[in-house]
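Descriptive analysis of the structure
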Amino acid sequence: MGSARRFEHTVIGETVNLASRFEGLTRTLDTAILVSDAVIETVKQDGGAELLQGFKPMGSHVIRGHREPVELWGLAAVTLQETDK
């Protein structure tokens with residue numbers, strides 16, 4: 001966005017806003033990664049079910065700017081000590 005003299009890169013749109021809201025909820029829900037049910041379903045349809053190991057349902061959440069609640073899935077952070085066991 002901008003003019004010939006000043007050009008700035010930016011990302012806008014509903015997907016970016018939704019991702020920002022999810023990022024904010026990671027602290028509230030005490031999880032490292034949050035994804036929507038739509039992401040989970042797409043990964044499964046594309047044959048990547050094994051990539052979803054560790055994701056747990058986090059329930060339905062009202063997301064500011066969206067009419068319908070969104071089903072969220074979370075993945076907790078794994079520390080180095082936990083992976084060494």
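Residues numbered from 1 in each chain as written. Predicted model: local features only at pLDDT ≥ 70, side-chain atom pairs only at ≥ 80, totals over all residues. Heavy atoms only, no water.

According to the stated counting rule, one finds one salt bridge in the structure shown. In this structure, Arg27 engages Glu23 in a salt bridge whose closest nitrogen and oxygen atoms are separated by 2.9 Å. Residue Arg27 and its partner Glu23 are located together in helix α1 (residues 14-28), separated by four residues, close to a single helical turn. With relative accessibility at 44%, the residue Glu23 sits in the partly exposed group. (Salt bridge = Lys/Arg side-chain N within 4 Å of Asp/Glu carboxyl O. Helix = DSSP H or I, 4+ residues; strand = E, 2+ residues; numbered from the N terminus. Buried < 20%, exposed > 50% of the residue type's maximum accessible area, 1.4 Å probe, protein only.)

Quick look at the sheet that holds strand β1 (residues 33-36) now. Across the sheet, three strands lie side by side as β1-β3-β2; this open sheet has antiparallel pairing. The open sheet terminates on both sides in strands that have one partner only, identified here as β1 and β2 (56-61). The sheet shows a mean angle of 30° between the axes of neighbouring strands, direction not considered. Of the strand pairs in this sheet, β1 and strand β3 (residues 70-75) are connected by four bridges, and their pairing is antiparallel. Its bridge partner lying in β3, Ile33 is registered against Leu75. On top of the sheet, α1 reaches β1 and β3; it is set at about 130° to β1, its chief contact. In the packing of helix α2 (residues 37-45) onto the sheet, the strands contacted are β1 and β3, and the crossing angle to β1 comes to about 80°. (Pairing = 2+ DSSP bridges. Axes fitted to C-alpha atoms, helices over the stretch in contact; angles between N-to-C directions. Contact = heavy atoms within 4.5 Å.)

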